[in-house]
Amino acid sequence: MKEKKISIIISVYNEENAIDKFFEEFDKIKNQFKWDYEIIFVNDGSNDNSLKMLYEYAARDEKAKIISFSRNFGHEAAMIAGIDNASGNGIVCMDADLQHPLECIHEIIAKFEMGYEVISMVRLENKSAGLIKNITSKAFYKVINILSDQARFEENASDFFAISNNVARVLKNNYREKVRFLRGYVQSVGFKSTTIEYSAADRAGGESHYNIKRLLKFSISTIVCFSDFPLKLGIYAGLLSALAGIIVLIYSLCTITGSPSGYTTLVTLICFMFAVLFIVIGVIGQYIAVMFSELKDKPIYIIEKKINFDEKNKE
Ligand code: UDP
Ligand code: MG
């Protein structure tokens, strides 16, 4: 009987084309871990055969557990549900598409044994992501690192990370925001942390669920979540407009001719001012939207069913 246990959390959303391969690979490796394991599949409201396939797997392996959501709540919600329900000494979150190599779990367990509590997996190269995705991801980390005063985020950090049960407790109790950036929280809680490099493989099957639109939405909510700098833009814009006003005033006084002129200047200034004003209102709106969603306090996820969990954990 192994003394310690690793909880492996796999978020699954319409992965019928990849999950079979995942089971196959996992079966090969699962008894070789130095620690005992539990694997928690979080079905994020799939509407294909994924859930059925998970049920079949859980019937074969009692250490495979399933949490099934009532609808799609998003990848982060799935990871949070997994972390909330994990009982291992260490927890690792991974994708179901084999982009995160299962072999890394050996290295993760070794790091836990060395006393590390936060292990960020750093992607060396992302073969299946296109050039645009790689560039925008880099740009995103640059921007968030400049804007955020709370923490420095690892560029190329992925949704592949491992945390100790200590850190999981902190996330469970203190990081329940509705608009959130889980991998940012993981990097900002402190604790003894380290990184492991890995190269992302190609997707085992199916297609990525993240398109540019979804990533953009995700980026905006992350910035709002970690930085209040955009709110200060209004002050800078105000100062800039005041400066422009003074320059135009001085220019007008110097070139006074007595006739009504400066129509173009006026129109330009009005357009400029209104543009600045509307942008500032939009930015404030973003923050109000976030506050509103926190205020409503809707659940991060809703569980429809749990399989293979202990009686006491059952809902
Ligand atoms: N996923 C999820 N809910 C979603 C979208 C994705 O649980 O709404 C899961 C998906 O099944 C996969 C992981 O999150 O296991 C990462 O998604 P994906 O592979 O599509 O993203 P990428 O690796 O391309 O960034
Ligand atoms: Mg993936």
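Quick note: structure is the one above.
> Can you walk me through the nonpolar core in this structure?
When a protein is soluble and globular, its nonpolar side chains tend to lie buried together. Within the largest apolar cluster, 41 residues are counted, with the highest numbers of intra-cluster contacts made by Ile 8, Phe 26, Phe 41 and Ile 108. Apart from the residues within four sequence positions on either side, Ile 8 is in contact with Phe 26, Phe 33, Tyr 37, Glu 38, Ile 39, Ile 40, Val 92, Met 94 and Ile 105.

> Which parts of the structure should I look at to understand helix H2 (residues 50–60)?
Within the sequence span of H2, burial applies to Ser 50, Leu 51, Met 53, Leu 54, Tyr 57 and Ala 58. With its buried residues spanning 155 degrees around the axis, H2 presents them on a single face. Turned more than 90 degrees away from the buried face of H2, the exposed residues are Lys 52, Ala 59 and Arg 60. Contacts made by the buried residues of H2 are with strand E1 (5–12), helix H1 (19–29), strand E2 (36–43), strand E3 (64–69) and strand E8 (303–307).

> What am I meant to see in the coordination of the magnesium ion (ligand 2) here?
Six octahedrally arranged donors around a metal ideally form angles of 90 or 180 degrees; four tetrahedrally arranged donors ideally form angles of 109.5 degrees. Protein coordination at the magnesium ion (ligand 2) comes from Asp 95 (OD), Asp 97 (OD) and Gln 99 (OE1), with a distance range of 2.0 to 2.7 Å. Mapped onto the sequence, the residues coordinating the magnesium ion (ligand 2) show the spacing D-x1-D-x1-Q.

> What's the story with the site of ligand 1 in this structure? I'm lost.
Close to ligand 1 lie 18 residues; Ser 11, Glu 15, Asp 44, Ser 208 and His 209 are nearest. Burial of ligand 1 by the protein amounts to 91% of the accessible area it has alone, namely 530 Å². Looking at the shell around ligand 1 residue by residue, the class counts come to four nonpolar, seven polar and seven charged.

> How should the side chain of Lys 111 be read in this particular structure?
Relative to the assigned elements, Lys 111 resides in helix H4 (residues 104–113). Although Lys 111 is buried, it makes no salt bridge; Glu 107 carries the closest opposite charge, 5.8 Å away. Filtering out sequence-adjacent residues up to four positions away, Lys 111 remains in contact with Tyr 116, Ile 119, Thr 194, Thr 195 and Ile 196.

Cut-offs applied
Throughout, residues of each chain are indexed from 1 in the direction in which the sequence is written. Just so you know, chain letters begin at A and ligand numbers begin at 1, following the order they were written in. Residue-level local features of this predicted model are given only where pLDDT is at least 70; pairs of side-chain atoms are given and counted only at 80 or more, and the full residue set underlies all totals for whole chains, interfaces and linings. Processing note: side-chain calculations cover all non-hydrogen atoms of the structure and skip hydrogens and water entirely. By nonpolar core is meant a set of buried Ala, Val, Leu, Ile, Met, Phe, Trp, Tyr and Cys residues that side-chain atoms within 4.5 Å join together. Three labels apply to residues, based on accessible area from a 1.4 Å probe with only protein chains included: buried if under 20% of the type maximum, exposed if over 50%, partly exposed otherwise in between. Working rule for contacts: check all heavy atoms of both residues, and any pair within 4.5 Å makes them a contact. Only DSSP runs of H or I reaching four residues or more are called helices, and only runs of E reaching two or more are called strands; each is numbered from the N terminus. As used here, the arc belongs to the directions running from the helix axis to the C-beta atoms. Each metal's donors are the N, O and S atoms found within 2.8 Å of it, except that Na, K and Ca use a 3.2 Å limit; water is left out, so coordination can look incomplete. When we say a residue is near a molecule or strand, we mean one of its heavy atoms is within 4 Å of it. Values of accessible area rely on a 1.4 Å probe in the Shrake-Rupley scheme; residue burial ignores everything except the protein chains shown. By the convention adopted, Pro, Cys, Tyr, Trp, Phe, Met, Ile, Leu, Val and Ala count as nonpolar, Lys, Arg, Asp and Glu as charged, and the other residues, Gly among them, as polar. As used throughout, the charge tally considers Lys and Arg to be positive and Asp and Glu to be negative, leaving His and the chain termini uncounted. Salt bridges, as used here, are contacts in which a Lys or Arg side-chain nitrogen is within 4 Å of a carboxyl oxygen on Asp or Glu.

Without other data, these values stay purely geometric and don't point to any function.
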